[in-house]
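Take a look at the letters that make up each chain.
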Amino acid sequence: MDARASEHRPELLRLDRDDVARDILALQRQAYAVEAALIGSDGIPALTESLEQLRNAGETWLGVFDAAGLCGAVAWQVLDDGTVDICRLVVAPRAFRGGVATGLLDELDRRYPTNPMIVSTGSANEPALALYRQRGFHPIRQREAAPGLMVTELARPADGD
């Protein structure tokens with residue numbers, strides 16, 4: 001992990017706190033606006049998600065803070081078969097290429113060292129695809145998530161598989 005990100009250990013985020021939930025919503029809008037430009041589609045549902053929808057998604061969140069506030073977050077669910085479904089990974093543009101995403105994924109790996117993992121990202125989001133490939137994820141399929149929004153689903157088998 002990058003030295004700048006290693007100073008800020010990921011911590012659980014509580015969406016029942018209004019300030020935290022609003023910070024997550026603002027962060028994901030910033031991050032997904034960049035992805036929307038990369039993939040040429042503003043059809044990413046998180047760009048228009050409400051606070052209520054965010055809270056009702058049933059995801060667990062970890063976040064990283066810098067001097068300016070929340071700069072990165074990851075949300076996931078553990079599926080019935082034990083697979084960790086990484087639902088969202090967002091980084092503030094000010095923290096791009098600072099090791100924040102890597103630190104968050106490292107923490108998920110620490111928490112779930114033997115679980116298989118899945119994730120989806122925009123098919124034209126090469127930086128995200130490269131990050132996941134570096135971490136052992138392999139594309140398993142592409143699908144149209146919304147009109148004009150192609151996503152690639154990636155998976156990484158359980159440790160030792």
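What counts and what doesn't
- Residues numbered from 1 in each chain as written.
- Predicted model: local features only at pLDDT ≥ 70, side-chain atom pairs only at ≥ 80, totals over all residues.
- Heavy atoms only, no water.
- Phe/Tyr/Trp six-rings, centres within 6.5 Å; stacked < 30°, edge-to-face > 60°.
- Buried < 20%, exposed > 50% of the residue type's maximum accessible area, 1.4 Å probe, protein only.
- Helix = DSSP H or I, 4+ residues; strand = E, 2+ residues; numbered from the N terminus.
- Expected span 1.5 Å × (residues − 1).
- Salt bridge = Lys/Arg side-chain N within 4 Å of Asp/Glu carboxyl O.
- Polar contact = N/O pair within 3.5 Å; in protein donor to acceptor, adjacent residues only side chain to side chain.
- Arc of directions from axis to C-beta.
- Contact = heavy atoms within 4.5 Å.
- Pairing = 2+ DSSP bridges.

*Asks:* Got a minute to help me understand the packing of aromatic side chains in this structure?
*Replies:* Aromatic ring pairs are described here by two measures, namely the spacing of the ring centres and the angle between the planes. Tallied over the entire structure, the rule returns two aromatic pairs. Measuring from ring centre to ring centre gives 5.5 Å for tyrosine 132 and phenylalanine 137, while their planes differ by 70°; the resulting arrangement is edge-to-face. Look at phenylalanine 137 and you get buried, because its relative accessible area is 2%.

*Asks:* Looking at this model, I keep getting lost on helix 4 (residues 100-111). Mind explaining?
*Replies:* In an α-helix there are 3.6 residues to a turn, and that puts residues three or four apart on one side. Between its first and last C-alpha atoms helix 4 spans 17 Å; for twelve residues at 1.5 Å apiece the expected length is 16 Å, and the two agree. Taken residue by residue, helix 4 has Val100, Ala101, Gly103, Leu104, Leu105, Glu107 and Leu108 as its buried positions.

*Asks:* In this structure, what is going on with the pattern of salt bridges? I would like to understand it.
*Replies:* What the rule picks out here adds up to 15 salt bridges. Residues arginine 94 and aspartate 66 are paired through a salt bridge, measuring 3.0 Å at the closest nitrogen-oxygen approach. Of the two residues, arginine 94 sits in the loop between strand 4 (84-91) and helix 4 while aspartate 66 sits in strand 2 (residues 60-66), which places them 28 residues apart along the sequence. Of the charged contacts, one joins glutamate 153 and arginine 143 as a salt bridge, the two residues approaching to 2.3 Å between their closest N and O atoms. With glutamate 153 in strand 7 (residues 149-156) and arginine 143 in strand 6 (residues 138-146), the pair connects residues that are ten residues apart, well separated along the chain. For glutamate 153, a relative accessible area of 13% gives the class buried. Salt bridges here are not isolated pairs; linked through shared partners, they connect Arg9, Glu107, Arg110 and Arg111.

*Asks:* Got a minute to help me understand the side chain of arginine 135 in this structure?
*Replies:* Examined against the element boundaries, arginine 135 turns out to sit in the loop between helix 5 (126-134) and strand 6. A relative accessible area of 15% places arginine 135 in the buried class. Within the structure, arginine 135 has its side chain in polar contact with the backbone oxygen of leucine 105 (distance 3.5 Å).

*Asks:* What exactly am I supposed to notice about helix 5 here?
*Replies:* Buried within helix 5 we find Ala128, Leu129, Leu131 and Tyr132. Across the axial projection of helix 5, the buried residues extend over an arc of 160°, all falling on one side. Within helix 5, the exposed residues directed more than 90 degrees away from the buried face are Pro127 and Gln134. The secondary structure elements touched by the buried residues of helix 5 are strand 4, helix 4, strand 5 (117-122) and strand 7. Where helix 5 ends, the next residue or the one after it, glycine 136, has phi of about 90°, a positive value.

*Asks:* For this particular structure, what's the right way to read the pairing of strand 4?
*Replies:* Where a strand is regular, its side chains alternate between the two sheet faces. Across the eight residues that make up strand 4, a large majority, seven, are buried. Looking at chain direction, strand 3 (residues 69-78) and strand 4 are connected through seven bridges and run antiparallel. Considered in strand 4, the bridge of tryptophan 76 is made with isoleucine 86. Hairpin connection of strand 3 to strand 4: five residues between the antiparallel strands, including glycine 82 at a positive phi of 90°. Summarising the sheet, strand 4 and strand 5 pair through three bridges and their orientation is parallel. From the neighbouring strand, valine 84 faces strand 5, where its bridge partner is methionine 117.

Distances and angles like these do not, on their own, reveal function.
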